[in-house]
Amino acid sequence: MVGTRKTDNTEKVGITLPISLVKQPDKARGDIPRSTFIRRAIEQFLRKEGK
């Protein structure tokens, strides 16, 4: 899996999550924007799954 690059295009994606699941990354992310935090978490997951 290749990580994203600054030259990658982006696409808005709407997902529905339970409030309790939204609160967990919001507490952990600090001052990192939510979308950046979730993108990084997905990239890490996909790297682990690709092994």
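Rules used throughout
Residues numbered from 1 in each chain as written. Predicted model: local features only at pLDDT ≥ 70, side-chain atom pairs only at ≥ 80, totals over all residues. Heavy atoms only, no water. Helix = DSSP H or I, 4+ residues; strand = E, 2+ residues; numbered from the N terminus. Areas by Shrake-Rupley, 256 points an atom, 1.4 Å probe, with all protein chains shown as cover. Salt bridge = Lys/Arg side-chain N within 4 Å of Asp/Glu carboxyl O. Patch = residues over 30% accessible without salt bridge, like charges linked within 9 Å, V, L, I, M, F, W, Y side chains within 5 Å.

### Overview of the overall build of the protein chain
Phase 1: The secondary structure content of the protein chain amounts to two helices and zero strands.
Phase 2: Here the protein chain has roughly 5,000 Å² of accessible surface; of this, 55% comes from carbon and sulfur atoms.

### Description of the pattern of salt bridges
Phase 1: Going through the model one piece at a time under the given rule, you end up with three salt bridges.
Phase 2: When the shortest N-O distance is used, the salt bridge between Arg29 and Asp26 registers 2.9 Å.
Phase 3: Each of the salt bridges in this network shares a partner with another, and the network as a whole consists of Asp26, Arg29 and Arg34.

### What to know about a nonpolar patch on the surface
Phase 1: Residues Val13, Ile15, Leu17 and Leu21 make up a contiguous nonpolar surface patch of roughly 380 Å² in combined accessible area.
Phase 2: In this fold, Val13 is placed in the segment before helix 1 (19–28).

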